[in-house]
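If you want the building blocks of each chain, they are given just below.
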Amino acid sequence: MTDAVAFQKPWHAQVSAIVHALTEAGTFSAADWSQTLGAERAHQQDHGAPDTADSYFIAVLDSLLTLLDRTDPALAADLRETTEAWRTAYLTTPHGQPVELA
Amino acid sequence: MPHDDHDHDHARDLHDHLHTHLPEEPALRVKALETVLLRKGLISAQSIDAWIEAYANQIGPRRGAELVARAWVDPDFKARLMQDADTVVREVGYEGVEGGHIRVVENTPAVHNVIVCTLCSCYPWSLLGIPPDWYKSAAYRSRVVREPRAVLAEFGLVLEEDIQLRVWDATAELRYLVLPERPAGTEGLSEAALAALVTRNAMVGTERVAAPAMRG
């Protein structure tokens, strides 16, 4: 079991970096983070999620949203809207051009 | 058939030419989250990029390996590391943003230590870099507590029956680093050469440090 690659996918690194930035900024504590991620992993396992790196980082993302929602309940709607804006940008940008939000 | 392969390749090239690929759903959600947090000023693009650069490419287990090698050659340093790792880690500037405490547990001919976080994935990031995927897997987190010898055997580490095995469960408040045994035949090596022998898995406890001649 060796694995030289630090992150299998760029978004795994992105979401990990966001966790560290928010911990460093004091948005939540390491203890809060550990409890929330632990609960999310247990929830995933109870629902039969595969035991993969993708599942782990999806749990990281969902845990982040749980913690952020406590202090900023409006964030969820903002996030949905921004996700759709990025989706549209990807689907309408011709190949080779930088993908940017309108 | 070659003709079909050619057609398939051509169709794929055409597709790639016309469309920008939509990232998979979680990647899209992470991108959106980053956008929202940047907009709100909760994170900065520079800090995100700097963290990824440091953790993906630079830190790795090098810092932990330096501490281990120094403990092997300097008994006073080792005594301090064992008694008060927090102070030592702070002195060398290797403390992380996670906070909490670091405890070093020493492997001996009679005792072998292995670390896990049964709750999530607590890990000494600032000393060992990114935790490997297996450390974060549900299988490792549950099995290494129930059947540690079997799990270690799967890593290729078969422990003799008379060796006591200790499994340490890390938390956000207390993270562990294993001080592996110095391999035989390394008496003449410099501290830097010793550090180069120390692997991440040895500091998690899922393997021993191999002597140079034994390394493949």
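A quick note: this is a predicted structure, and the numbers were derived from the prediction, not measured. (Residues numbered from 1 in each chain as written. Chains lettered and ligands numbered in written order. Predicted model: local features only at pLDDT ≥ 70, side-chain atom pairs only at ≥ 80, totals over all residues. Heavy atoms only, no water.)

**Q** I'm lost on the overall build of chain A in this one. Help?
**A** Scanning chain A from terminus to terminus reveals 4 helices and 0 strands. Put simply, chain A runs from its N terminus to its C terminus through helices and strands in the order α-α-α-α. If one aligns the C-alpha atoms of chain A with their principal axes, the spans along those axes are about 40 × 40 × 30 Å. The burial tally for chain A puts 45% of its 102 residues in the buried class. Nonlocal contacts in chain A, meaning residues at least 24 apart in sequence, comprise 51% of its contacts between residues at least 6 apart. Separation between the mean location of the 5 positive side-chain charges and that of the 14 negative ones in chain A comes to 4 Å. (Helix = DSSP H or I, 4+ residues; strand = E, 2+ residues; numbered from the N terminus. Buried < 20%, exposed > 50% of the residue type's maximum accessible area, 1.4 Å probe, protein only. Contact = heavy atoms within 4.5 Å. Lys, Arg positive; Asp, Glu negative; His and termini not counted. Charge placed at Lys NZ, Arg CZ, Asp CG, Glu CD.)

**Q** Is there a simple way to explain the packing of helix 1 (residues 10-24) of chain A against helix 2 (residues 25-39) of chain B in this structure?
**A** The relative placement of two packed helices is expressed as an angle between their axes plus a distance between the axes. It is the contact of helix 1 of chain A with helix 2 of chain B, at a shortest axis distance of 9 Å, that shows an interaxial angle of 35°. Here helix 1 of chain A and helix 2 of chain B pass one another in a crossing that is left-handed. On helix 2 of chain B, the residues touching A:W11, A:Q14, A:V15, A:I18 and A:L22 of helix 1 of chain A are B:P26, B:A27, B:V30, B:L33, B:E34 and B:L37. Looking at the contact of helix 1 of chain A with helix 2 of chain B, its residues break down into 9 nonpolar, 1 polar and 1 charged. (Axes fitted to C-alpha atoms, helices over the stretch in contact; angles between N-to-C directions. Left-handed = near helix turned anticlockwise from the far one by under 90°. Nonpolar A, V, L, I, M, F, W, Y, C, P; charged D, E, K, R; others polar.)

**Q** Explain the packing of helix 4 (residues 75-92) of chain A against helix 2 of chain B here, please?
**A** Two elements in contact, helix 4 of chain A and helix 2 of chain B, have axes separated by 8 Å at closest approach and are oriented at 120°. Between helix 4 of chain A and helix 2 of chain B, the crossing angle belongs to the class labelled oblique. Read as a crossing pair, helix 4 of chain A and helix 2 of chain B show a hand that is right-handed. Facing A:L75, A:D78, A:L79, A:T82, A:T83, A:W86, A:R87 and A:Y90 of helix 4 of chain A, the residues of helix 2 of chain B in contact are B:E25, B:L28, B:R29, B:K31, B:A32, B:L33, B:T35, B:V36, B:L37 and B:R39. Of the residues belonging to the contact of helix 4 of chain A with helix 2 of chain B, the class tally is 9 nonpolar, 3 polar and 6 charged. (Parallel < 35°, antiparallel > 145°, perpendicular 65-115°, else oblique.)

**Q** Mind showing me how you'd approach the interface of chain B and chain A here?
**A** It is common to give the size of an interface as the accessible area that goes away when the parts come together. Residue-level contacts link 54 residues of chain B with 52 residues of chain A. When chain B packs against chain A, the two sides together hide about 4,800 Å² of surface, and 65% of this comes from carbon and sulfur. On inspection of chain B and its partner chain A, the count reaches 5 salt bridges. Of the charged contacts in the structure, one is a salt bridge between A:D72 and B:K40, with a shortest N-O distance of 2.9 Å. Counting across the chain B and chain A interface gives 14 residue pairs in polar contact (both at pLDDT 80 or more). Contributing elements (two or more residues each) for the side of chain B that touches chain A: helix 1 (2-18), helix 2, helix 3 (45-59), helix 8 (133-136), helix 9 (138-146) and helix 12 (200-204) of chain B. Of the residues assigned to the side of chain B that touches chain A, the class counts are 29 nonpolar, 9 polar and 16 charged. (Buried area = accessible area lost by both parts, 1.4 Å probe. Salt bridge = Lys/Arg side-chain N within 4 Å of Asp/Glu carboxyl O. Polar contact = N/O pair within 3.5 Å; in protein donor to acceptor, adjacent residues only side chain to side chain.)

**Q** Explain the pattern of salt bridges here, please?
**A** When their charged atoms lie close together, side chains carrying opposite charge are able to pair. All names here are of chain B. Counted by the stated rule, this structure contains 15 salt bridges over all chains. Of the charged contacts in the structure, one is a salt bridge between D133 and K136, with a shortest N-O distance of 3.5 Å. Of this pair, D133 and K136 both sit in helix 8, 3 residues apart, which is roughly one turn of that helix. Among the residues examined, D133 registers a relative accessible area of 24% and is labelled partly exposed. Among the residues examined, K136 registers a relative accessible area of 3% and is labelled buried. Ionic pairing is found between R143 and E147, a salt bridge with its closest N-O pair at 2.7 Å.

**Q** Explain the state of the cysteines here, please?
**A** Two cysteines form a disulfide when their sulfur atoms are joined by a covalent bond. Residues and elements named next belong to chain B. Inspection of every chain in the model, using the stated rule, returns 0 disulfides over all chains. Of the cysteine sulfurs around C117, a residue in no disulfide, the closest is that of C122, at 3.8 Å. Assessed through its relative accessible area of 0%, C117 is described here as buried. For C122, which is in no disulfide, the shortest distance to another cysteine sulfur is to C120 and amounts to 3.8 Å. (Disulfide = S-S within 2.5 Å.)

**Q** Got a minute to help me understand the packing of aromatic side chains in this structure?
**A** The description of an aromatic ring pair rests on the distance of the ring centres and on the angle between the ring planes. All names here are of chain A. Inspection of every chain in the model, using the stated rule, returns 15 aromatic pairs over all chains. Seen from their ring centres, Y56 and F57 are 5.0 Å apart, and the 90° between their planes marks the pair as edge-to-face. Each member of the pair, Y56 as well as F57, is classed as buried. The interplanar angle of 45° and the centroid separation of 6.2 Å between the aromatic rings of W86 and Y90 together place this pair among those described as tilted. Here Y90 and W86 lie together in helix 4, a separation of 4 residues that amounts to about one turn. (Phe/Tyr/Trp six-rings, centres within 6.5 Å; stacked < 30°, edge-to-face > 60°.)

**Q** Whenever I open this one, the nonpolar core confuses me. Can you help?
**A** Most often, soluble globular proteins have nonpolar side chains that are buried together. Counting 93 residues, the largest nonpolar core has A:I18, A:L64, B:L33, B:Y135 and B:Y140 as the members making the most contacts within it. The dominant element in this core, judged by the number of residues it contributes, is helix 3 (residues 53-71) of chain A, at 9 residues. Summarising the domain contributions, this core has at least three residues from each of domain 1 (2-43) and domain 2 (59-214) of chain B. Setting aside anything within four residues of it in sequence, one finds A:I18 in contact with A:L64, B:V30, B:L33, B:E34, B:L37, B:I43 and B:I48. (Core = buried A, V, L, I, M, F, W, Y, C linked by side-chain atoms within 4.5 Å. Domains from an automatic or database assignment.)

So yeah, pure geometry; function would need other evidence.
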